[in-house]
Amino acid sequence: MQNLKDRLFNLRVLIEYDSSYNVHVARCLETGSVVTADDKATIKSMITELLEDEINFALERGDLANLFSTPASLEVWFRW
């Protein structure tokens with residue numbers, strides 16, 4: 001595992017439990033990516049996989065601007 005300082009991106013993810021829908025929700029503050037799952041272990045692996053795929057896709061196309069074009073809402077940032 002890489003040290004935090006050696007990583008290309010430092011992305012913050014807010015994980016919450018939504019009692020209205022009985023699911024865990026993970027939201028990346030910088031990219032706006034969202035995943036849902038029934039448990040915390042699954043939600044962590046799902047958001048990690050999604051962000052890795054999105055970053056790889058953006059790097060392959062040289063389009064980092066698009067990756068960060070739709071960050072999470074201010075409401076999510078405030079809850080962070």
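K.L.:
Describe the sheet that holds strand S3 (residues 34–37), and please don't skip the residues or the numbers.
P.N.:
Strand pairing within a sheet occurs via backbone hydrogen bonds; the two strands may be parallel or antiparallel. Spatially, the 3 strands line up as an open sheet ordered S1-S2-S3, and their pairing is antiparallel. Pairing within the sheet leaves two strands with one partner each, and these edge strands are strand S1 (13–18) and S3. Taking each pair of neighbouring strands and ignoring which way they run, the sheet shows an average axis angle of 20°. Note: S1 against strand S2 (residues 23–28), 6 bridges, orientation antiparallel.

K.L.:
Tell me what's going on with the side chain of Thr31, and back it up with residues and numbers.
P.N.:
By secondary structure assignment, the location of Thr31 is in the loop between S2 and S3. Here Ser33 takes part through its side chain, which lies 2.9 Å from a polar atom of the side chain of Thr31. When residues no more than four places from it in sequence are discounted, the contact partners of Thr31 are Leu11, Leu51, Glu54, Leu67, Phe68, Thr70 and Pro71.

What counts and how
Residues numbered from 1 in each chain as written. Predicted model: local features only at pLDDT ≥ 70, side-chain atom pairs only at ≥ 80, totals over all residues. Heavy atoms only, no water. Pairing = 2+ DSSP bridges. Helix = DSSP H or I, 4+ residues; strand = E, 2+ residues; numbered from the N terminus. Axes fitted to C-alpha atoms, helices over the stretch in contact; angles between N-to-C directions. Polar contact = N/O pair within 3.5 Å; in protein donor to acceptor, adjacent residues only side chain to side chain. Contact = heavy atoms within 4.5 Å.

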